[in-house]
Amino acid sequence: MKTSIIGYPRIGGLRELKFASEKYFRGEITSEVLEQTAKEIRLYNLNLQKNSGLDYIPSNDFSFYDGILDTAVLLNAVPERYRQLGLSELDTYFAMARGYQGDKGDVKAFAMKKWYNTNYHYMVPEIDDTTEIRLVGAKPLDLFNEALDSGVKTKPVIIGAYTFLKLARYTGIKKASDFADAAAAAYSELLGKLGELGAEWVQFDEPSLVKDMTDEDVKLFAELYEKILSHKSGVKVLIQTYFGDVRDCYTELCGLDADGIGLDFTEGKKSLELLKKNGFPAEKLLFAGVVNGKNIWRNNYSDTAFIIDELKKYTDNIVLSTSCSLLHVPCTLKNESKMSDSFKKYFAYAEEKLGELSELKVIFNSENPVETEEYKLNAELHKVPRGGENLSVQEKVSQLKESDFVRLPVFEDREKIQKNRFNLPLFPTTTIGSFPQTADVRAKRSAFRKGEISEVDYNEFIEEKIADCVKLQEEIGLDVLVHGEFERNDMVEYFGECLDGYIFTEKAWVQSYGTRCVKPPVVWGDISRAKPMTVKWSKYAQSLTEKPMKGMLTGPVTILNWSFPREDISLKESAYQIALAIREEVLDLEANGIGIIQVDEAALREKLPLRKSDWNEDYLDWAIPAFRLVHSGVKSETQIHTHMCYSEFADIIRDIDNMDADVITFEASRSDLTILDVLKENNFRTEVGPGVYDIHSPRIPSKEEIRSALNKMLGRIPAEKLWVNPDCGLKTRGNEETVPSLRNLVNAAAEARNENS
Ligand code: GLN
Ligand code: ZN
């Protein structure tokens, strides 16, 4: 039995790529230096994989920003407005990724979307009627050669034609199928070129096959691959799926002339069943995703052995693989210098997962797997209970009653009470919470963590930042203020640190988008609130102003979705535990004079099951109640806000309304405003703040631009329900762009107010 991985993290163990890219963006290093850093990361990863004994080593899984964007460039899908800038190839690429504002022009970035059910974001390719899909790039070839020069014949990894065409946004009248022939030709040509270079295997990633597919989708997929594979001459093709099972196209997939099929046996609920029902083609290799590519718990070899035994009933040609790319886990436990071994031994990051694959290879290639040393040690680890139980929390959760999830009085009655209490102008302006986390904030936090400054000094510094931030907002003229979130490294880790049952990593960075990485904490045991989390900051901030100060918390579903979850209890159980802890904080804020409390559910949609039939039972039936549990105990005059980092909730609009918040802010600036029509059609009750500008890009929106966004919104939303705000927190931005942007926002709102009252 051989081993394979689908992809490897590319940011570098210490986020070298992030830091180099950011230096390049600031003009501090040349593109050559950036390229050099990238190459070092790639070669380091390559050697690591080679030395671990991995058989199928990927290449082209590296990206400067995003693999889908790379594929768009590879296939000539670069919209004219970026070409027109006349920038270098690399800078055109970054203009698509981040937008560009400078002497060559002013263009927005590509839209960004969550990558299936992960916290990674991809850039949405744009295809218009004039787009000519053809092979123009050489990155997969170059990276294959680079690895070959180091003595490794890799398996180039490319986003497959079907997934690429499904993910793209079509801005003209043509649709995916109109580009199928051209795409098939481009992929065939690529296969041919890789074959000439000596590639034995090529991996086409087709995660879109695990989504619900219509007959038309299945047809598109099958036709694409019939064409692509008819020219494959010598190169073997692996069609790799992940994040679920391929129940809608299993037969078609097996019927293709591919040489390997990659299936996910971790998240694919029905993967095994599909084999049982339909068998597996004898001549193909089954790349079996048995090592979880998304979570960091050590593999349980006995569970894996069970799956492999089952699979062996249908095929002897098994390659041991990860369930998805290791992009979604941190690089290496080696950098966790502070974590004690009593925790560490339960974890496997990307590098350790390579180790697991090599152990599993030993185990399954031995006569008697359960007698191997590797197997026994692993069984030993999983036999002993891990600790972390809290019986009182378990009991609280088990005693929850229906009424604990219901806030009274009902929305309409509260709305009146709150309008009276806050007396806000029409189109109240606010922000989503964080203000720029400038270098001084990060430096102070790091000094505090290293013990170089005292807690008193650190707190004093945070108070100064809060005071400046409040002053700035008053000066700009915002209506509902925030304290700025300077105390937080991250919207989840910070809360995790105030909760019992969480543990933290030091360097477990995972790419979220481009150069942005997150460091998810780990749900280790039962969760409870260890201490007040934000009360002192919000209270202090409120003491500085007459205007309402919005308390700022992260919601239970987001906390859970952005953590590495437990695998020994259900997600629902963990979500309710976290909800009870956040509920305590909400009540505490209220008791301390905070009248508006925002509970961010930035990631609520992220873990929505990829298949509609699983939505309710597997997710919404506990996720929405978890949010309600958080705020059902507040008084009617307390206003509950929530925030979501996206606007694709047309299909769960009822559920969003059912969260029963008073106000919801969400992203709208990057997407068209169709969501607003949906709100209208569904008589959405909750007041809304569709983001009026995009904070993911350094561009400064003009007042006119914001005005026109507001006008469009007003065509669809009753004026008295509309809030005005950016589309997300400002922490990743600088003050240079934030201050003028917010001034334009406030002025635009004032104008709209004059015209509408
Ligand atoms: N309150 C958070 C902030 O402003 C929300 C961030 C987010 O939605 N990702 O930073
Ligand atoms: Zn957001």
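Now for a quick tour of the structure. Since we're looking at a predicted model, the values are computed, not measured. (Residues numbered from 1 in each chain as written. Chains lettered and ligands numbered in written order. Predicted model: local features only at pLDDT ≥ 70, side-chain atom pairs only at ≥ 80, totals over all residues. Heavy atoms only, no water.)

Re helix 19 (residues 455-476)
Taking 1.5 Å of rise per residue, the 22 residues of helix 19 would be expected to cover 32 Å, and the 31 Å separating its terminal C-alpha atoms lies within 8% of that figure. Burial in helix 19 covers these residues: Y458, N459, F461, I462, K465, I466, C469, V470, Q473 and I476. Among the structural elements, helix 18 (439-449), helix 21 (535-543) and helix 28 (735-756) are those in contact with the buried residues of helix 19. Positive backbone phi, at 95°, marks G477, one or two positions downstream of helix 19. (Helix = DSSP H or I, 4+ residues; strand = E, 2+ residues; numbered from the N terminus. Expected span 1.5 Å × (residues − 1). Buried < 20%, exposed > 50% of the residue type's maximum accessible area, 1.4 Å probe, protein only. Contact = heavy atoms within 4.5 Å.)

Regarding the sheet that holds strand 1 (residues 2-3)
Taken in spatial order, the 8 strands make up an open sheet running 1-14-13-12-11-10-8-2, and their pairing is parallel. With one partner strand each, in any of the chains shown, strand 1 and strand 2 (58-59) form the two edges of the open sheet. Where strand 11 (residues 236-240) meets strand 12 (residues 260-264), 3 bridges bridge the pair, whose relative direction is parallel. The residue bridging I239 from the neighbouring strand is I261, located in strand 12. Packed onto the sheet, helix 12 (residues 301-312) meets strand 13 (285-291) and strand 14 (318-322) and runs at close to 160° relative to strand 13. Contacts from helix 14 (residues 350-364) reach strand 1, strand 13 and strand 14, with the element oriented near 155° to strand 14. (Pairing = 2+ DSSP bridges. Axes fitted to C-alpha atoms, helices over the stretch in contact; angles between N-to-C directions.)

A look at the sheet that holds strand 20 (residues 596-600)
The 5 strands are arranged 19-20-21-22-23 in an open sheet whose pairing can be described as parallel. Taken across any chain shown, the strands that pair with only one partner, and hence form the sheet edges, are strand 19 (550-554) and strand 23 (687-690). When strand polarity is set aside, the average angle formed by the axes of neighbouring strands in this sheet is 20°. Pairing between strand 19 and strand 20: 5 bridges, direction parallel. The partner of G551 across the bridge, within strand 20, is I597.

Examining the packing of helix 19 against helix 28
The contact between helix 19 and helix 28 brings their axes to 10 Å, and the two run at 40°. One element, helix 19, and the other, helix 28, form an angle in the oblique class. On helix 28, the residues touching L472, E475 and I476 of helix 19 are V739, L742, R743 and V746. When grouped by side-chain class, the residues that make up the contact of helix 19 with helix 28 number 5 nonpolar, no polar and 2 charged. (Parallel < 35°, antiparallel > 145°, perpendicular 65-115°, else oblique. Nonpolar A, V, L, I, M, F, W, Y, C, P; charged D, E, K, R; others polar.)

Observations concerning the site of ligand 1
Lining the immediate surroundings of ligand 1 are 13 residues, of which S434, E485, D600, H643 and C645 lie closest. Between ligand 1 and I432, the relevant distance is 3.0 Å, taken from a nitrogen atom to a main-chain nitrogen or oxygen of the residue. H643 is positioned such that a nitrogen or oxygen atom in its side chain is 3.0 Å from an oxygen atom of ligand 1. Relative to its unbound accessible surface of 290 Å², ligand 1 loses 95% to contact with the protein. (Near = heavy atom within 4 Å. Polar contact = N/O pair within 3.5 Å; in protein donor to acceptor, adjacent residues only side chain to side chain. Areas by Shrake-Rupley, 256 points an atom, 1.4 Å probe, with all protein chains shown as cover.)

Some thoughts on the packing of aromatic side chains
Under the definition given, this model contains 33 aromatic pairs. Measuring from centroid to centroid gives 5.1 Å for F649 and F666, while their planes differ by 80°, and the two rings are edge-to-face. Of this pair, F649 sits in the loop between strand 21 (639-644) and helix 25 (653-657) while F666 is found in strand 22 (residues 663-666), placing the two residues 17 residues apart along the sequence. Given a relative accessible area of 0%, F649 falls into the buried group. For F666, a relative accessible area of 1% translates into the label buried. In textbook terms, an aromatic cluster arises when at least three aromatic residues are bridged by ring pairs, as seen for Y24, F25, F62, F64, Y93 and F94. Here the basic side chain of K444 rests over the ring of F461, its NZ or CZ set 5.0 Å away from the ring centre. The ring of F486 carries the charged tip of K465 above its face, separated from the ring centre by 5.9 Å. (Phe/Tyr/Trp six-rings, centres within 6.5 Å; stacked < 30°, edge-to-face > 60°. Lys NZ or Arg CZ within 6 Å of the ring centre and 35° of its normal.)

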